[in-house]
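So the chains spell out like this:
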Amino acid sequence: MPVHVSINSLAWESAFFGCATARLELDGNLPLEEVLRHPADLWQIRVSADRLEAIDALCQHSFQLAEGEADMAINIKRTERQPGIRIARESQITELRAAAEQIFVQSRFRAPWFAADASARFYAQWIENAVRGTFDHQCLIASDASGVLQGFISLRETEGDVRVGLLGVLPYAQSNGIGQRLLLAGADWGRVRQLDRLRVATQLSNLTAIRFYLRSGARLESTAYWLYRKGHDPI
């Protein structure tokens with residue numbers, strides 16, 4: 001099957017990870033073979049799980065599975081402010097970075113495609129950016145009565161919906177309903193902005209997260225695979 005793609009050069013990721021990275025999009029105007037002759041350290045492509053012929057063709061061009069992804073949505077109905085949830089402040093960035101490094105151990109930013117510490121650094125930077133309103137628009141945190149951080153959620157408004165960026169609960173605070181309160185706070189954040197749906201994506205390997213979102217009323221809308229190819233692999 002001939003594959004045609006378009007190229008999205010990932011300038012921020014390339015600088016952050018220290019390797020020339022580009023994302024391909026299916027159904028573009030350029031033949032895949034021609035694109036792969038361009039210089040790059042790493043090619044990425046996200047393919048809907050039902051595009052089996054495209055997946056087979058990409059694998060024939062040395063693309064390999066990095067991770068699967070599930071995208072889910074929750075309709076926002078009546079919501080209310082959640083106790084113990086507030087907006088994160090810049091003074092809490094150091095603590096939030098350390099928490100993100102600890103929590104997000106399942107990631108497509110993993111070896112052998114990236115350095116061993118890449119995933120931890122990436123999610124630490126993501127939550128810092130969320131606090132500052134860069135990429136994600138807001139970071140909300142959960143704390144106990146003495147102010148000890150229990151968890152966080154980052155949110156952004158996109159295409160008329162609220163999208164969860166990161167949702168994490170510290171290990172010592174798990175099994176106490178913190179994640180549910182953070183998710184409800186995210187829905188309330190969307191309701192205030194007159195948004196209809198809360199959307200979230202998570203790795204197919206993260207069954208704990210998938211079960212949590214389904215129990216919380218999410219519906220599974222789509223699944224996809226991330227495929228990677230190192231730039232120096234033969235065409």
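The coordinates are above.
Residues numbered from 1 in each chain as written. Predicted model: local features only at pLDDT ≥ 70, side-chain atom pairs only at ≥ 80, totals over all residues. Heavy atoms only, no water.

A.B. asks: Explain the packing of aromatic side chains to me, using residue names and the numbers behind them.
C.D. replies: Within the structure shown, the criterion is met by 18 aromatic pairs. Taking the centre distance of 4.9 Å and the plane angle of 10° together, the rings of W12 and F16 count as stacked. Remark: F16 and W12 occur in helix α1 (residues 11–17); sequence separation between them is four residues, near one turn of the helix. Here the aromatic rings of F17 and F114 are separated by 4.6 Å at their centres, their planes lie at 50°, and the arrangement is tilted. Separated by 97 residues along the polypeptide, F17 in helix α1 and F114 in the loop between α4 (93–103) and α5 (118–131) bring together distant segments of the chain. Neither residue differs from the other here; F17 and F114 are each classed as buried. The aromatic ring of W226 is capped on one face by R108, whose charged end is 3.6 Å from the ring centroid. Lying over the aromatic face of F16, R121 brings its terminal NZ or CZ to 4.8 Å of the ring centre. (Phe/Tyr/Trp six-rings, centres within 6.5 Å; stacked < 30°, edge-to-face > 60°. Helix = DSSP H or I, 4+ residues; strand = E, 2+ residues; numbered from the N terminus. Buried < 20%, exposed > 50% of the residue type's maximum accessible area, 1.4 Å probe, protein only. Lys NZ or Arg CZ within 6 Å of the ring centre and 35° of its normal.)

A.B. asks: Pulling in residues and values, what's your account of the pattern of salt bridges?
C.D. replies: Enumeration according to the criterion identifies 14 salt bridges in this entry. In this structure, R197 and D161 form a salt bridge, with 3.2 Å as the shortest nitrogen-oxygen distance. Within this pair, whereas R197 is found in strand β10 (residues 197–203), its partner D161 is found in strand β9 (residues 161–169), the two being separated by 36 residues in sequence. Across the pair D188 and R191 runs a salt bridge, and its minimum N-O distance is 3.0 Å. Taken as a pair, D188 and R191 lie in helix α6 (residues 178–192) at a separation of three residues, close to a single helical turn. By relative accessible area, R191 is classed as partly exposed at 36%. Through salt bridges with shared partners, a single network forms among D161, R197, R199, R219 and E221. (Salt bridge = Lys/Arg side-chain N within 4 Å of Asp/Glu carboxyl O.)

A.B. asks: Would you mind going over the pairing of strand β11 (residues 219–230) in detail, with residue names and values included?
C.D. replies: Both strand β4 (residues 42–48) and β11 contribute to a ladder of seven bridges, which runs antiparallel. Residue R46 lies in a different strand from β11, and its bridge partner there is W226. As paired elements, strand β5 (residues 64–75) and β11 share nine bridges and run antiparallel to each other. Bridge pairing links M72 to L220 in β11. (Pairing = 2+ DSSP bridges.)

A.B. asks: Describe the nonpolar core, naming the residues involved and giving the relevant values.
C.D. replies: Taken as a class, soluble globular proteins show a tendency for nonpolar side chains to be buried jointly. Core analysis: the biggest nonpolar cluster contains 30 residues, and F17, L96, F114, Y123, I127, C139 and F152 have the highest contact counts within it. Looking at this core, the elements that each hand over two or more residues are α1, α4, α5, β7 (138–143), β8 (149–158) and β11. With near-sequence residues (within four places) excluded, F114 lies in contact with F17, L42, Q44, R108, F109 and Y228. V169, A173, A185 and A209 belong to the second largest nonpolar core, which has 28 residues in total. (Core = buried A, V, L, I, M, F, W, Y, C linked by side-chain atoms within 4.5 Å. Contact = heavy atoms within 4.5 Å.)

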